[in-house]
Amino acid sequence: GKPATIVVNGKTYTTDAWFNVPPNVLASTSRKLHLQKDHPVAITRQIIESKFPAPTYKTHNNFDPVVSTFENFDSLGFPPDHVGRNRSDTYYINQTTLLRTHTSAHEAELFRAHASDGYLISADVYRRDEVDRSHYPVFHQMEGARVWDRKAVPNGDVVAAIYADLATLPTHNVKVDDPHPPFHATRNPLQAEHHSPAEAEALGAHLKRSLELMVVEIFSRAKAAAAKQDPDYVDEPLRVRWVEAYFPFTSPSWELEVYYAGDWLEVLGCGVTQQHILTDAGVPGQVGWAFGIGLERIAMLLFQIPDIRLFWSQDNRFLSQFTGVSDDLAKLKRFVPFSKYPACYKDVSFWLRSASAAGGNDKAANKHDFHENDVMEIVRNVAGDDVEDVCLVDEFTHPKTGRRSMCYRINYRSLEKTLTHPETNAMHDRVREALVEKLGVELR
Ligand code: PHE
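Residues numbered from 1 in each chain as written. Predicted model: local features only at pLDDT ≥ 70, side-chain atom pairs only at ≥ 80, totals over all residues. Heavy atoms only, no water.

Student: How do you make sense of the environment of S122 when you look at a structure like this?
Tutor: Note that S122 resides in strand β7 (residues 118-126). For the pair S122 and I293, spaced 171 residues apart in sequence, the C-alpha separation works out to 9.5 Å. Non-local contacts of S122, meaning those with residues more than four positions away in its chain, are made with H34, R45, E49, H60, N61, Q141, M142 and L295. (Helix = DSSP H or I, 4+ residues; strand = E, 2+ residues; numbered from the N terminus. Contact = heavy atoms within 4.5 Å.)

Student: What is the right way to look at the pattern of salt bridges in this model?
Tutor: Close approach of charged atoms lets side chains of opposite charge pair. Going through the model one piece at a time under the given rule, you end up with 23 salt bridges. Residues joined by salt bridges that share partners form a network here, namely R133, D307, R309, E388 and R413. (Salt bridge = Lys/Arg side-chain N within 4 Å of Asp/Glu carboxyl O.)

Student: I'm lost on the sheet that holds strand β5 (residues 92-94) in this one. Help?
Tutor: What holds strands together in a sheet is hydrogen bonding between their backbones, with the strands either parallel or antiparallel. The strand order across the open sheet formed by three strands is β4-β6-β5, and the pairing between neighbours is antiparallel. Of all strands in the sheet, those with a lone pairing partner are β4 (66-68) and β5, marking the two edges. Within the sheet, the average angular offset between the axes of one strand and its neighbour, ignoring direction, is 35°. Where β4 meets strand β6 (residues 97-99), three bridges bridge the pair, whose relative direction is antiparallel. The residue bridging V66 from the neighbouring strand is L99, located in β6. (Pairing = 2+ DSSP bridges. Axes fitted to C-alpha atoms, helices over the stretch in contact; angles between N-to-C directions.)

Student: Quick question: what am I supposed to make of the packing of aromatic side chains here?
Tutor: Aromatic ring pairs are described here by two measures, namely the spacing of the ring centres and the angle between the planes. Using the criterion set out here, one finds 17 aromatic pairs in the structure. Between F52 and Y57, the ring centres sit 5.2 Å apart and the planes meet at 75°, which makes this aromatic pair edge-to-face. When sorted by exposure, F52 lands in the same class as Y57, which is buried. Joined through ring pairs, the aromatic side chains of F303, F318, F322, F335 and F338 make up one cluster. The lysine or arginine in question, R87, covers the ring of W18, its NZ or CZ lying 4.8 Å from the ring centre. In this structure, R239 packs its charged tip against the face of Y259, placed 4.7 Å from the ring centre. (Phe/Tyr/Trp six-rings, centres within 6.5 Å; stacked < 30°, edge-to-face > 60°. Buried < 20%, exposed > 50% of the residue type's maximum accessible area, 1.4 Å probe, protein only. Lys NZ or Arg CZ within 6 Å of the ring centre and 35° of its normal.)

Student: I would appreciate a short explanation of the sheet that holds strand β17 (residues 442-443) in the present structure.
Tutor: With respect to topology, four strands assemble into an open sheet ordered β15-β16-β14-β17, the strand pairing being antiparallel. The strands lining the two open edges of the sheet, one partner per strand, are β15 (387-397) and β17. Across two bridges, strand β14 (residues 344-351) lies against β17 in antiparallel orientation. Bridge pairing in β17 links F350 to L443. Sheet strands touched by helix α11 (residues 372-383): β14, β15 and β16 (404-412). Its angle to β15, the strand with the most contacts, is close to 140°.

Student: How should the site of the ligand be read in this particular structure?
Tutor: Around the ligand sit 14 residues in total, of which H102, S104, R127, Q141 and G292 are the nearest. Between S104 and the ligand, the recorded distance is 2.8 Å, taken from a side-chain N or O atom to a nitrogen atom. R127 has a polar side-chain atom sitting 3.0 Å from an oxygen atom of the ligand. Within the complex, 89% of the 330 Å² of free accessible area of the ligand lies under protein. Looking at the shell around the ligand, the elements that each hand over two or more residues are β8 (138-149), β12 (263-273) and β13 (286-294). Counting residues per element, the shell around the ligand draws most heavily on β13, which supplies three residues. Tallied by class, the residues present in the shell around the ligand amount to five nonpolar, six polar and three charged. (Near = heavy atom within 4 Å. Polar contact = N/O pair within 3.5 Å; in protein donor to acceptor, adjacent residues only side chain to side chain. Areas by Shrake-Rupley, 256 points an atom, 1.4 Å probe, with all protein chains shown as cover. Nonpolar A, V, L, I, M, F, W, Y, C, P; charged D, E, K, R; others polar.)

Student: Explain α11 here, please?
Tutor: It helps to recall that an α-helix has 3.6 residues per turn; residues three or four apart then point in one direction. Compared with the 16 Å implied by 1.5 Å per residue over twelve residues, the 17 Å span of α11 between its first and last C-alpha is a close match. With nine of its twelve residues buried, α11 lies for the most part within the structure. Among the residues of α11, those classed as buried are N373, D374, V375, M376, E377, I378, V379, R380 and A383. Turning to α11, the residues buried within the fold contact α1 (23-28), β14, β15, β16 and α12 (421-439). Directly after α11, the chain includes G384, whose backbone phi takes a positive value near 60°. (Expected span 1.5 Å × (residues − 1).)

Student: What is the right way to look at the side chain of H195 in this model?
Tutor: On the secondary structure map, H195 appears in the loop between β9 (175-177) and α6 (197-229). Residue H195 is classed as buried on the basis of its relative accessible area, which comes to 3%. What H195 contacts, discounting residues up to four positions off in sequence, is R150, L190, A200, V272, T273, Q275 and V287.

Student: Help me understand the packing of α11 against α12, please; the structure alone is not making it clear to me.
Tutor: In a packed pair of helices, the relevant descriptors are the angle between the two axes and the axis-to-axis distance. Between α11 and α12, the least distance of the axes is 9 Å, while the angle of their chain directions is 135°. In terms of axis orientation, α11 runs oblique to α12. As for the relative orientation of α11 and α12, their crossing is right-handed in sense. Of the residues in α12, those in contact with D374, V375, I378, V379, V382 and A383 of α11 are M427, R430, V431, A434, L435, K438 and L439. For the contact of α11 with α12, the residue count by class is ten nonpolar, no polar and three charged. (Parallel < 35°, antiparallel > 145°, perpendicular 65-115°, else oblique. Left-handed = near helix turned anticlockwise from the far one by under 90°.)

Student: Honestly, the domain arrangement of the chain in this entry has me stumped. Any pointers?
Tutor: By a widespread convention, an interface's size corresponds to the accessible area lost as its parts come together. By the assigned domains, the chain splits into domain 1 (31-65 + 100-331) and domain 2 (344-443). Here the C-alpha centre of domain 2 lies 36 Å away from the C-alpha centre of domain 1. With 16 residues of domain 1 at the contact, the number on the domain 2 side is 14 residues. Buried area between domain 1 and domain 2, both sides added, is near 1,400 Å², and the carbon and sulfur share of it is 46%. Among the residues domain 1 hides against domain 2, the three largest losses belong to R128, V131 and R309. Together they make up 56% of the total. One can count four salt bridges joining domain 1 with domain 2. A salt bridge links E377 to R128; its shortest N-O distance comes to 2.9 Å. Linking domain 1 with domain 2 are eleven residue pairs in polar contact (both at pLDDT 80 or more), by the criterion used here. Split by residue class, the side of domain 1 that touches domain 2 holds five nonpolar, two polar and nine charged. (Domains from an automatic or database assignment. Buried area = accessible area lost by both parts, 1.4 Å probe.)

Okay, here's the thing in structure tokens:
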């Protein structure tokens, strides 16, 4: 059964029918990897923070992960039917209280407080998602923002003030592709009632340079580490590009991509802050920009960490490799993998519960109410960190009965030991039982 109350960081919350946080996820709320000295997530945070110095930027690294639905979604302009609000995507404590899915949940309160012209927030965030080597239900993000007050800048000229500040930032010589205009009438609109084109352009230019400098810093540190450890390392010039994006709380919006190992890799989302957020926060005279970046993804590139589960490892073969780096970033080294233990693949096939079989007016009876994230979570709850990935290998609808069948392949592999056959079989049996019990599926 579900607990009536739960405790997160010393505070007690009452649950209701919306509660869907498994014990392993709840336990992660106390880990705070971004604050753990010499942990790769904390080191990555420190490197990024070094490019957004005080007093302009104030750091906030201790915000509680429990926020209201209003803070996480409504305050940012997410529509009421946005998929991110579903219980299949988000961990709820009760109907109006959840584990934040992004650090943007704290934007409104910091704009309201206006303790500084800019801020950085690093924190753990929570999402129900797939199981593979780059996804984990808990990860860390950093949010950054910068504002200017129209009335406080010289001559009220916010465009001049933004460019004056931009002129104080260093330049870099990395090739940046930025093929799109600074805003686009339909794809990436100017907030025409609030900003002149010149203002939006100035904000965009300041935002882009600030974030490029951060990415240049990260990749030059990654290269220095690689060159030190690998005499055959060939330096490839960094390539970055800006692509149009969409977020409900910025416009225009962009993603920054980095060319890495033959692919364009998305590293962050950002944009010109929607004016309603500043107005609602009681500072209608301010304009600004914001960004959000996933720290594990950057740390995986920086340290060459191949599997996201490693961040949660308490094994000294992992942790000891980063000793001393928090105090001296020049000591940064790439992760040297310890031997990889063998994989063990097992398949599970099942028929989905049909609408009639589930019966009643239970919402779960809806034919389309199968959520892959439920399968992912069931496997994660049984196997913990001994599961590397879960993927759909076959899907089939019976031509006569219309019943749907799915087959998932589960790769059991520990980072710390070889799993024995009896151990893996026992885990797989428990996964099969839990699928029947929790989802009402029929095993094939
Ligand atoms: N919160 C967004 C995400 O998690 C990132 C973002 C932050 C985008 C701030 C724009 C501005 O995807």
